[in-house]
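# An overview of the molecular structure
Spelled out from the first residue to the last, the chains are:
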Amino acid sequence: MSAAVAIACPADPTVLTAADPGRDRSRLSAAMWNFPGQALFRLSPKPLYKLRVRLLNLFGARIDPTVRIRPDVTIDRPWNLSMGRKSSLGDGVVVWAHAPVTIGARCTISQYCRLAAFRESPEHPAAPTTAAPLTIGDDVWIAAESYVAGGQSIPDGVLVGARSVIDAPLEPWTICSGEPAVSRRPRPFKGRNP
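These lines cover the structure that appears in this document, whether it is placed above or below.

Rules of the game
Residues numbered from 1 in each chain as written. Predicted model: local features only at pLDDT ≥ 70, side-chain atom pairs only at ≥ 80, totals over all residues. Heavy atoms only, no water. Pairing = 2+ DSSP bridges. Helix = DSSP H or I, 4+ residues; strand = E, 2+ residues; numbered from the N terminus. Core = buried A, V, L, I, M, F, W, Y, C linked by side-chain atoms within 4.5 Å. Buried < 20%, exposed > 50% of the residue type's maximum accessible area, 1.4 Å probe, protein only. Contact = heavy atoms within 4.5 Å. Phe/Tyr/Trp six-rings, centres within 6.5 Å; stacked < 30°, edge-to-face > 60°. Arc of directions from axis to C-beta. 1 Å grid on protein atoms, 1.4 Å probe; cavity = no way out; pocket = protein on both sides within 12 Å on 5 of 7 lines; lining within 4 Å. Points joined across faces, edges and corners; volume = space filled by probe spheres on them. Nonpolar A, V, L, I, M, F, W, Y, C, P; charged D, E, K, R; others polar. Salt bridge = Lys/Arg side-chain N within 4 Å of Asp/Glu carboxyl O.

Here we take up the sheet that holds strand β19 (residues 181-186). The strand order β2-β5-β8-β13-β16-β18-β19 describes an open sheet built from 7 strands, whose pairing is mixed. The sheet is open, and its two edges are formed by β2 (68-69) and β19, each paired on a single side. Here strand β18 (residues 174-178) runs beside β19; their pairing, made up of 5 bridges, is antiparallel. Residue pairing for β19: threonine 174 is matched across the bridge by proline 186.

Structure, rendered in structure tokens:
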């Protein structure tokens, strides 16, 4: 008879115990964030963006007051999240912030996207998950239902098509799509300096 193997969800705060240097702080902060922090976040009315930003900043996030985050966004570790001016997280976005997640200014992360600041080994499913920082430059738009793998640094001006998987480097100021996402053509934008 074989024993059942339990596979932990990536959003589980105990997944990265060996690789997480702030493990004890993470457990206490996660307990406080899971209740009452996340409950207050989710119950806030849609137009109260500033309230949600203040709540996230209270839990250690570094978010500009002009940021717009919808109430049904899931952020597992807000203390690892930082966002620049006039950026937004759309409905249903999930941010697994096991490592620092940095989102630049004027970025849009569209509905139902997944940002994963960790890496898993496809060759060895039983191998431990490792934390991997995620950086998104300025003026980036990641369209609906896309997945961004940890360890990526998305350069300025990238537009990622819907349902793309970003797990390799992309060229700045390009339109990208696919699984895996690749740069398809330049992204014209009259407001930027060449």
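Judged by nonpolar contacts, the single largest core of 40 residues is most densely connected at Ile63, Ile69, Leu89, Ile103, Ile109, Ile136 and Ile142. Sorting the residues of this core by element identifies α1 (23-43), α2 (49-58), β4 (81-83), β7 (101-103) and β12 (134-136) as the ones contributing at least two each. In this view, isoleucine 69 contacts Phe41, Tyr49, Arg52, Leu56, Ile63, Met83 and Leu89; residues no more than four positions away in its chain are not counted.

Attention now moves to the packing of aromatic side chains. Here the structure, examined in full by the defined rule, presents 3 aromatic pairs. Between the aromatic rings of tryptophan 33 and phenylalanine 59, the centroid separation amounts to 5.1 Å while the plane-to-plane angle is 70°, which identifies the pairing as edge-to-face. Placement of the pair is tryptophan 33 in helix α1 and phenylalanine 59 in the loop between α2 and β1 (62-63), with a sequence separation of 26 residues. With a relative accessible area of 0%, tryptophan 33 lands in the buried category. What makes phenylalanine 59 buried here is its relative accessible area of 16%.

Within α2, the full set of buried residues consists of Tyr49, Arg52, Val53, Leu55 and Leu56. Along the long axis of α2, the arc covered by the buried residues comes to 160°, so they all point the same way. The exposed residues of α2 that point more than 90 degrees off its buried face are Lys50, Arg54 and Leu58. Positive backbone phi, at 100°, marks glycine 60, one or two positions downstream of α2.

Volume-wise, the second largest pocket comes out at about 160 Å³. Together, Phe118, Arg119, Glu120, Pro122, Tyr147, Ala149, Val165 and Asp167 line the second largest pocket. Class assignment for the residues of the lining of the second largest pocket results in 5 nonpolar, no polar and 3 charged.

Attention shifts here to the pairing of β18. Bridge count for strand β16 (residues 159-160) against β18 is 2 bridges, and the pairing is parallel. Bridge pairing in β18 places leucine 159 opposite isoleucine 175. In this antiparallel pair of consecutive strands, β18 and β19, the connection spans 2 residues.

For the rest of this paragraph, the subject is the sheet that holds β12. With respect to topology, 5 strands assemble into an open sheet ordered β1-β4-β7-β12-β15, the strand pairing being parallel. Strands at the two margins of the open sheet, each flanked by one partner only, are β1 and β15 (153-154). Judged from the 3 bridges that link them, β7 and β12 form a sheet pairing that is parallel. Following the sheet pairing, valine 101 is matched in β12 by leucine 134.

On to the pattern of salt bridges. Tallied over the entire structure, the rule returns 4 salt bridges. The shortest N-O distance in the salt bridge between aspartate 91 and arginine 70 comes to 3.0 Å. Linking aspartate 91 in the loop between β5 (88-89) and β6 (94-96) with arginine 70 in the loop between β2 and β3 (74-75), this pair joins segments that are 21 residues apart in sequence. Judged by its relative accessible area of 23%, aspartate 91 falls in the partly exposed class.

Across the junction of phenylalanine 35 and proline 36, the peptide omega takes the value 15°, indicating a cis bond. Relative to the helices and strands, proline 36 resides in helix α1. That bond from glutamate 179 to proline 180 is cis: its omega, 5°, falls within 30 degrees of zero. Looking at the element boundaries, proline 180 is found in the loop between β18 and β19. You will see that glutamate 145, though not glycine, has its phi angle at about 60°, which is positive. Tracing the chain through its elements places glutamate 145 in the loop between β13 (141-142) and β14 (147-148). With a relative accessible area of 37%, glutamate 145 lands in the partly exposed category. Although it is not a glycine, tryptophan 173 sits at a positive phi angle of roughly 55°. The buried category is assigned to tryptophan 173, whose relative accessible area is 13%.

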